Amino acid sequence: MKPLVEKILLKEASIHKVQYDTEWFYFIDDIAYYLKVDVSEVDTIYLPMFFEDQQEFVKCATFDDILRGRKELEK
C-alpha cells in the first residue's frame, strides 16, 4: 500500500483538489487511482470542481477521511 502523506497529495498534479472552508478536499476517484486501492469506505461529500472548463459536482474527501477509510479496509 502506498504511503499517504498530505504534503505529497497537495503537490501531486494528477489529483484534483479544492480548498473549502480552510480544509483541502480531494477528488475520491483520483485518490483511488493514485493509491490503487478501494476507497468505498471513505466518507465523502459532493463539491464543485472544474474539469476542462466545465464545473461538476464530484465526490470528495478530506485527508483525515481518507485515512479513516483506509484503516476500515485494513481491518
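A few points on the structure. (Residues numbered from 1 in each chain as written. Predicted model: local features only at pLDDT ≥ 70, side-chain atom pairs only at ≥ 80, totals over all residues. Heavy atoms only, no water.)

### Comments concerning the overall build of the protein chain
Next up, step 1: Helices and strands together make up the secondary structure of the protein chain, namely three helices and four strands.
Next up, step 2: For the protein chain, the sequential pattern of α-helices and β-strands runs α-β-β-α-β-β-α.
Next up, step 3: Computed over its C-alpha atoms, the radius of gyration of the protein chain comes to 12 Å, within 12% of the 11 Å expected for a compact globule of 75 residues.
Next up, step 4: Dimensions of the protein chain, computed from C-alpha atoms along their principal axes, come out at roughly 40 × 25 × 20 Å.
Next up, step 5: Within the span of the protein chain, comprising 75 residues, buried residues form 33% of the whole.
Next up, step 6: In the protein chain, 49% of the contacts between residues at least 6 apart in sequence involve partners at least 24 apart. (Helix = DSSP H or I, 4+ residues; strand = E, 2+ residues; numbered from the N terminus. Rg over C-alpha atoms; globule rule 2.2 N^0.38 Å. Buried < 20%, exposed > 50% of the residue type's maximum accessible area, 1.4 Å probe, protein only. Contact = heavy atoms within 4.5 Å.)

### Here we look at the environment of L67
Next up, step 1: Checked against the element boundaries, L67 lands in helix α3 (residues 63-74).
Next up, step 2: In the structure, L67 is positioned 62 residues away from V5 in sequence and 9.8 Å away in space, judged by C-alpha atoms.

### With respect to the pairing of strand β3 (residues 45-51)
Next up, step 1: Where β3 meets strand β4 (residues 54-62), seven bridges bridge the pair, whose relative direction is antiparallel. Paired with P48 across the two strands is F57, which belongs to β4.
Next up, step 2: Linkage of β3 to β4, two consecutive antiparallel strands, is achieved through a turn of two residues, within which E52 is found at a positive phi near 50°. (Pairing = 2+ DSSP bridges.)

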